[in-house]
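# Geometric and topological summary
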Amino acid sequence: MSTQETALVYAALICQDSDVEITAQNLSSLLKAANVEVNEVYSNIFAKALNGADVAGFIEKLAVAAPAAGSAAPAAAGGDAPAEEAKQEEEEEEESDSDMGFGLFD
């Protein structure tokens with residue numbers, strides 16, 4: 001992502017947080033105040049792309065999805081843990097067959 005795109009994203013988030021409409025003029029004003037030079041074409045395109053978009057809803061969905069993704073990472077880092085659990089389940093199933101008092105070839 002380029003510096004201009006990143007600056008526009010932050011400007012849009014500032015507008016959303018301040019309950020200000022996300023328009024090309026508002027984005028340009030914020031970027032000028034931050035001494036960031038962005039081509040006006042990018043501001044116009046970005047404002048049109050976010051026109052009518054529920055930015056707050058999108059942020060909430062990311063906030064909900066982030067912990068779920070974060071909790072899955074340690075499990076994946078464990079490596080062989082799921083394989084070990086599957087082996088234990090298979091062993092338990094074999095034991096339950098022998099506990100019935102008869103086998104297939106008795």
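Bear in mind the structure is a predicted one, so any value in this text is a computation, not a measurement. (Residues numbered from 1 in each chain as written. Predicted model: local features only at pLDDT ≥ 70, side-chain atom pairs only at ≥ 80, totals over all residues. Heavy atoms only, no water.)

Glancing now at the overall build of the protein. If you tally the helices and strands in the protein, you get 5 helices and 0 strands. Here the protein holds 106 residues, and 14% of them are scored as buried. If you take every contact in the protein between residues at least 6 apart in sequence, the share linking residues at least 24 apart comes to 49%. With an accessible surface of roughly 8400 Å², the protein has 54% of that area assigned to carbon and sulfur atoms. (Helix = DSSP H or I, 4+ residues; strand = E, 2+ residues; numbered from the N terminus. Buried < 20%, exposed > 50% of the residue type's maximum accessible area, 1.4 Å probe, protein only. Contact = heavy atoms within 4.5 Å. Areas by Shrake-Rupley, 256 points an atom, 1.4 Å probe, with all protein chains shown as cover.)

Moving on, we come to the environment of Val55. For Val55, the location among the structural elements is in helix H4 (residues 55–77). A sequence separation of 42 residues divides Val55 from Leu13, and the C-alpha atoms of the two residues are 8.0 Å apart.

The next point concerns helix H1 (residues 3–17). With 15 residues, H1 extends 21 Å from end C-alpha to end C-alpha; this agrees with the ideal 21 Å at 1.5 Å per step. Buried residues of H1: Ala7, Leu8, Ala11, Ala12 and Cys15, and no others. Projected onto a plane normal to the axis of H1, the buried residues spread over an arc of 135 degrees and lie on a single side. Along H1, the residues that are exposed and aim more than 90 degrees away from the buried face are Thr3, Tyr10 and Asp17. Tucked into the core, H1 has its buried residues touching helix H2 (24–33) and helix H3 (40–50). (Expected span 1.5 Å × (residues − 1). Arc of directions from axis to C-beta.)

Now for the nonpolar core. With 12 residues, the main nonpolar core is built from Ala7, Leu8, Ala11, Ala12, Cys15, Ile22, Ala24, Leu27, Leu31, Val38, Ala47 and Val55. Sorting the residues of this core by element identifies H1 and H2 as the ones contributing at least two each. Those residues within four positions of Val38 in sequence are excluded, and the remaining contacts are Gln4, Ala7, Leu8, Leu31 and Ser43. (Core = buried A, V, L, I, M, F, W, Y, C linked by side-chain atoms within 4.5 Å.)

Next up on the list: the packing of H1 against H2. Two elements in contact, H1 and H2, have axes separated by 9 Å at closest approach and are oriented at 110 degrees. Classed by the angle they form, the pair H1 and H2 counts as roughly perpendicular. Contact residues: H1 offers Ala7, Leu8, Ala11, Ala12, Ile14 and Cys15, while H2 offers Asn26, Leu27, Leu30 and Leu31. (Axes fitted to C-alpha atoms, helices over the stretch in contact; angles between N-to-C directions. Parallel < 35°, antiparallel > 145°, perpendicular 65-115°, else oblique.)

Quick look at the side chain of Ser43 now. The residue Ser43 is located in helix H3 in this model. Its relative accessible area of 2% is what places Ser43 among the buried residues. Each residue touching Ser43, except ones within four places of it in the same chain, is listed here: Leu8, Ala24, Leu27, Ser28 and Val38.

Everything listed is a geometric property; what it means functionally is a separate question.
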